[in-house]
Amino acid sequence: MTHPILPLNDGRAIPQVGFGLWQVPADETARVVREGLAAGYRLIDGAAIYGNEVGLGEGLRSADVSRDSVFVTTKVWNDRQGRDETARAVEDSLQRIGLDRVDLMLIHWPCPEQGLFLDTWKSLIALREAGKVRSIGVSNFRISDLERIIGETGVVPALNQIELHPRLQQTELRAFHAKHGIVTQSWTPLGQGRSFGAAPVQAAAARTGRRPAQVILRWHVQLGCSVIPRSTRAAGLVENLDIFNFTLTEAEMAAIATLEAGERTGPDPAKFN
Ligand code: NAD
């Protein structure tokens, strides 16, 4: 089955749904990657800090799909920011994964106190020109961070990967992304299950005969976001991709919108350094 893709502002495209590898144990990662690809995913969300890039590469090589059909994302960790260090960090990730280039390289966090994200962004621009990465983007960037790198370089990130779930809907940031042609990608899309029991989610699940997690992932898709849920179980991976044969009504989307609580599960990007 072919799943939806979203256009990127650099002329490429990204599968709308993928799977994430945060907290996936290194010795299980190759299996999870193989099972994810067998389930039909074509987007893998990795990061140097997850400590499992080697397993990502192993899984990719041992799966029954061609390298070029899979979109691989990884990220530059906070202690590798800066012009030269970022180039070395990208090289290290490529070596661990065992690829000549990745599809998308993100700056993992802006770390405003370090004051290095602009240099890091310039380094990613150069690495894209050198063919080490196909697309470049950011993660956890606020509007002010985005304005800074766009204003200084004229290069708009292809994507911003941010915490987004029914209790943190990021309306303002999503509107900024839409205006600038930046794909919004939701991390912790299931919000640690905190909305599984909420009335609007339960009602939509009952009407559609779906599970709460599927309703929430479908909500992300209908918002136009890319989404990267994590499951280490083959059945969970299958369930989280099975969200393309039902639709939430406008009333159901509006009811889920009322769950906004300004509640983060992870760090505040303004304070995380
Ligand atoms: P998630 O929202 O995908 O939730 C994962 C949890 O939900 C796990 O405990 C899993 O067992 C459970 N789960 C998965 N599918 C389920 C289902 N169908 N029903 C019930 N429970 C289910 O959370 P996450 O891993 O925090 O986020 C997803 C990915 O986002 C990560 O793996 C990572 O790749 C990325 N991420 C990025 C950042 C960042 O700073 N850029 C931060 C956190 C996560």
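About the cut-offs
Residues numbered from 1 in each chain as written. Predicted model: local features only at pLDDT ≥ 70, side-chain atom pairs only at ≥ 80, totals over all residues. Heavy atoms only, no water. Helix = DSSP H or I, 4+ residues; strand = E, 2+ residues; numbered from the N terminus. Buried < 20%, exposed > 50% of the residue type's maximum accessible area, 1.4 Å probe, protein only. Contact = heavy atoms within 4.5 Å. Areas by Shrake-Rupley, 256 points an atom, 1.4 Å probe, with all protein chains shown as cover. Lys, Arg positive; Asp, Glu negative; His and termini not counted. Charge placed at Lys NZ, Arg CZ, Asp CG, Glu CD. Axes fitted to C-alpha atoms, helices over the stretch in contact; angles between N-to-C directions. Parallel < 35°, antiparallel > 145°, perpendicular 65-115°, else oblique. Nonpolar A, V, L, I, M, F, W, Y, C, P; charged D, E, K, R; others polar. Near = heavy atom within 4 Å. Polar contact = N/O pair within 3.5 Å; in protein donor to acceptor, adjacent residues only side chain to side chain.

Whenever I open this one, the overall build of the protein chain confuses me. Can you help?
The helix and strand tally for the protein chain stands at 10 helices and 10 strands. For the C-alpha atoms alone, the extent of the protein chain along its principal axes is close to 55 × 40 × 30 Å. Counting the 273 residues in the protein chain, one finds 54% classified as buried. Restricting the contact set of the protein chain to residue pairs at least 6 apart, pairs at least 24 apart contribute 74%. In the structure as shown, the protein chain presents an accessible area of about 11,300 Å², 49% of it carried by carbon and sulfur atoms. Side-chain charges of the protein chain comprise 30 positive and 31 negative groups, with the mean position of each set lying 2 Å from the other.

Would you mind showing me how to read the packing of helix α7 (residues 199–208) against helix α10 (residues 250–257) here?
Axes are the key here: two packed helices are described by the angle between their axes and the distance separating the axes. Packing of α7 against α10 leaves a shortest axis separation of 9 Å and a crossing angle of 155°. In terms of orientation, α7 and α10 fall into the roughly antiparallel class. Taken together, the residues of α10 that come into contact with α7 (itself represented by Pro200, Val201, Ala204 and Arg207) are Glu252, Ala255 and Ile256. Of the residues assigned to the contact of α7 with α10, the class counts are five nonpolar, no polar and two charged.

Explanation requested: the site of the ligand in the structure shown.
The immediate surroundings of the ligand are formed by 23 residues, with Asp45, Ser139, Gln161, Thr188 and Arg230 found nearest. Contact distances for the ligand include 2.8 Å between a nitrogen atom and a side-chain N or O atom of Ser139. Between an oxygen atom of the ligand and a side-chain N or O atom of Thr188, the distance comes to 2.8 Å. The protein chains hide 82% of the 830 Å² of surface that the ligand would expose on its own. Of the residues in the shell around the ligand, the class split is 11 nonpolar, eight polar and four charged.

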